[in-house]
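Fold and geometry: a report
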Amino acid sequence: MFPIIRHRRLRTHNAIRALVRETVITPNDFLVPLFVVEGKGVKEEIPSMPNYFRYSLDLLGDEVKELWRLGLKSVLLFVKVPERLKDNKGSEAINPDGLMQRAIKTVKNACPDMLVMTDVALDPYSTYGHDGIVENGQIVNDATVDALCDMSLSHAEAGANFLAPSDMMDGRILSIRETLEDNGFTDTGIMSYSAKYASAFYGPFRDALDSAPVDSIDIPKDKKTYQMDYANRFEALRETEMDIDEGADIVMVKPGLCYLDIVRDLKNEIDVPIAVYQVSGEYAMLKAAAEKGWLDHDAVMMEQITAIKRAGGDIIASYFAKDVVKLL
Ligand code: PBG
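This text gives an overview of the structure that appears in the document. These figures come from a predicted structure and were not determined experimentally.

What counts, and at which threshold
Residues numbered from 1 in each chain as written. Predicted model: local features only at pLDDT ≥ 70, side-chain atom pairs only at ≥ 80, totals over all residues. Heavy atoms only, no water. Core = buried A, V, L, I, M, F, W, Y, C linked by side-chain atoms within 4.5 Å. Buried < 20%, exposed > 50% of the residue type's maximum accessible area, 1.4 Å probe, protein only. Helix = DSSP H or I, 4+ residues; strand = E, 2+ residues; numbered from the N terminus. Contact = heavy atoms within 4.5 Å. Expected span 1.5 Å × (residues − 1). Patch = residues over 30% accessible without salt bridge, like charges linked within 9 Å, V, L, I, M, F, W, Y side chains within 5 Å. Areas by Shrake-Rupley, 256 points an atom, 1.4 Å probe, with all protein chains shown as cover. Salt bridge = Lys/Arg side-chain N within 4 Å of Asp/Glu carboxyl O. Lys, Arg positive; Asp, Glu negative; His and termini not counted. Charge placed at Lys NZ, Arg CZ, Asp CG, Glu CD. Axes fitted to C-alpha atoms, helices over the stretch in contact; angles between N-to-C directions. Parallel < 35°, antiparallel > 145°, perpendicular 65-115°, else oblique. Nonpolar A, V, L, I, M, F, W, Y, C, P; charged D, E, K, R; others polar. Phe/Tyr/Trp six-rings, centres within 6.5 Å; stacked < 30°, edge-to-face > 60°. Pairing = 2+ DSSP bridges. Right-handed = clockwise from strand over helix to strand, strands pointing away. Near = heavy atom within 4 Å. Polar contact = N/O pair within 3.5 Å; in protein donor to acceptor, adjacent residues only side chain to side chain. 1 Å grid on protein atoms, 1.4 Å probe; cavity = no way out; pocket = protein on both sides within 12 Å on 5 of 7 lines; lining within 4 Å. Sits in = over half its atoms within 2 Å of the grid points. Points joined across faces, edges and corners; volume = space filled by probe spheres on them.

1. Overview of the nonpolar core
Grouped together as the largest cluster of nonpolar side chains are 103 residues, with contacts concentrated most on Phe30, Phe35, Leu60, Val75, Leu77, Met191 and Tyr277. At seven residues, the largest contribution of residues to this core is made by helix H4 (residues 141-158). Residues contacting Phe30, with those up to four places away along its chain left out, are Ile25, Leu72, Ser74, Ile305, Ile316, Ser318, Ala321, Val324 and Val325.

What follows is the structure, encoded as structure tokens:
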């Protein structure tokens, strides 16, 4: 007899499709990246990230309240540091009255229950645009880890709930964990960017923060000596397992879409929550194609977000978060 099993039966109506749908997106899935700048009344669009903005502190509170109203309960903060405050060691990163520290307090004042995560890396503070301290043309690991510990402590003292080290130095998770424990921040979590690849998809983000590595003959122009080679798969598991052993509460794969094989590999092997960062270049690509009328923005966006979750992403950091929840 012609097939007993007809797969199309489960696709006949919207209701049956809804009933058997395996992956459902909710506002609980998202972590919203926010870019903060000095100044007053500033809400400036990032040219390579249409409809995404940098906010000054006086406008940040309103934006956060709007996110909360939409059901978005977690933010990931990044700051654009004035050029004159940058140096090789990222000294400004530990200024108790620095932009990040004030931003953390601003978010907490506006919305006390909002979960605040902060980016921990030197690049926005570095004259060289590197995530670590540069010595003799190299990004030095251990001195950078010390700086990251100081930075983490400073964020925790300002009220951050989770620290998100995005620097890819070795051993930083354990050192940061110990620093937090030693100082009584036992409930402050760590979301480690554990499998972060040296990717060309970060371009628009570096425009947003003016944080690209400088072009100079004695300094590496890229981040390949610390971020992972995108040709590698097993290394992602080693990196991630080590960060978990060192005390990471949440791990991350970054970028998103090109790396969903890695997300699934990790999901099959580890049992801590996995965050996926759908990065700036991924956002820019869809915005550009949609502007040209070549792709249906909302349809492609939902397909991409669903694919990230289906692959095993428990938490999605995405510039589309607001757009997505408005459609749900
Ligand atoms: C900084 C950092 C980067 C991103 C998050 N944290 C850029 C980089 O590593 O150069 C990229 C985010 C994005 O592209 O959306 N350490």
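After that view, the rundown keeps rolling.
2. Brief notes about helix H3 (residues 99-110)
Here H3 spans 16 Å end to end across twelve residues, near enough to the 16 Å set by a 1.5 Å rise per residue. Buried within H3 we find Leu99, Met100, Gln101, Ala103, Ile104, Thr106, Val107 and Ala110. Looking at the buried side of H3, the elements it contacts are strand S1 (30-37), helix H2 (57-69), strand S4 (74-79), strand S5 (115-120) and H4.

3. Concerning a nonpolar patch on the surface
A contiguous nonpolar patch, built from Met1, Ile4 and Ile5 and spanning about 440 Å² of accessible area, is present on the exposed surface. For Ile5, the location among the structural elements is in the segment before helix H1 (14-20).

4. Observations concerning the side chain of Thr240
With respect to the helices and strands, the residue Thr240 is situated in helix H7 (residues 234-245). Taking the relative accessible area as the measure of exposure, Thr240 reaches 0% and is therefore buried.

5. Concerning the pattern of salt bridges
The tally for this structure, following the rule as stated, stands at 16 salt bridges. Note that Glu63 and Lys322 form a salt bridge whose closest N and O atoms lie 2.8 Å from each other. With Glu63 in helix H2 and Lys322 in helix H11 (residues 321-327), the pair connects residues that are 259 residues apart, well separated along the chain. With its nearest N and O atoms 3.3 Å apart, the salt bridge here joins Arg69 to Glu66. Of this pair, Arg69 and Glu66 both sit in helix H2, three residues apart, which is roughly one turn of the helix.

6. Overview of a negative patch on the surface
Together, Asp142, Asp146, Asp150 and Asp170 give the surface a local cluster of negative charge. Its location among the elements puts Asp150 in helix H4. Residue classification places Asp150 among the partly exposed positions, given a relative accessible area of 43%.

7. Thoughts on the packing of helix H8 (residues 260-269) against helix H10 (residues 297-311)
The N-to-C vectors of H8 and H10 enclose an angle of 30 degrees; their axes lie 8 Å apart at closest approach. With respect to each other, H8 and H10 are oriented roughly parallel. Contact residues: H8 offers Leu260, Val263, Arg264 and Lys267, while H10 offers Ala307, Ile308, Arg310 and Ala311. By residue class, the composition of the contact of H8 with H10 is five nonpolar, no polar and three charged.

8. Re the packing of aromatic side chains
Taken as a whole, this structure holds 13 aromatic pairs when the rule is applied. On the basis of an interplanar angle of 20 degrees and a centroid distance of 5.9 Å, the ring pair of Phe35 and Tyr319 is categorised as stacked. Of this pair, Phe35 sits in strand S1 while Tyr319 sits in the loop between strand S12 (315-318) and H11, and the two are 284 residues apart along the sequence. Judged by relative accessible area, Phe35 falls into the buried class, the value being 0%. Each residue in the set Phe35, Tyr52, Phe78, Tyr193, Phe205, Tyr277, Tyr283, Tyr319 and Phe320 is aromatic and connected to the rest through ring pairs, giving one cluster.

9. Considering the pairing of strand S8 (residues 162-165)
Burial of the side chains of S8 extends over both faces: Phe162 and Ala164 are buried on one face and Leu163 and Pro165 on the other. In terms of strand pairing, S5 meets S8 through four bridges, oriented parallel. Each residue of the ladder has a partner; that of Met117, found in S8, is Phe162. As paired elements, S8 and strand S9 (residues 189-196) share two bridges and run parallel to each other. Within S9, the residue paired with Phe162 across the bridge is Gly189. Once you follow S8 into helix H5 (residues 172-182) and on to S9, the crossover reads as right-handed.

10. What about the site of the ligand?
Taken together, the neighbourhood of the ligand is formed by 18 residues, with Lys196, Arg206, Lys223, Lys254 and Tyr319 sitting nearest. Within the contact set of the ligand, an oxygen atom lies 2.7 Å away from a side-chain nitrogen or oxygen of Arg206. One of the side-chain N or O atoms of Lys223 is found 2.7 Å from an oxygen atom in the ligand. When the ligand sits alone it has 400 Å² of accessible area, and the protein chains cover 100% of it. Given that more than half its atoms are within 2 Å of the pocket grid, the ligand belongs to the largest cavity. Split into classes, the residues belonging to the shell around the ligand amount to eight nonpolar, three polar and seven charged.

11. Re empty space enclosed by the protein
Following the criterion strictly, the structure yields two cavities of 30 Å³ or more and no others. Roughly 90 Å³ of volume is contained in the largest cavity. Secondary structure elements with two or more residues in the lining of the largest cavity: S9 and helix H6 (203-209). Here the lining of the largest cavity is composed, by residue class, of four nonpolar, two polar and seven charged. In this model, the second largest cavity occupies a volume close to 40 Å³. If you trace the second largest cavity, you find it lined by Phe78, Val79, Met100, Asp119, Ala121, Pro124, Tyr125, Met151, His155 and Leu209. Mapped by element, the contributors of at least two residues to the lining of the second largest cavity are S4 and H4. A class-by-class count of the residues in the lining of the second largest cavity yields eight nonpolar, one polar and one charged.

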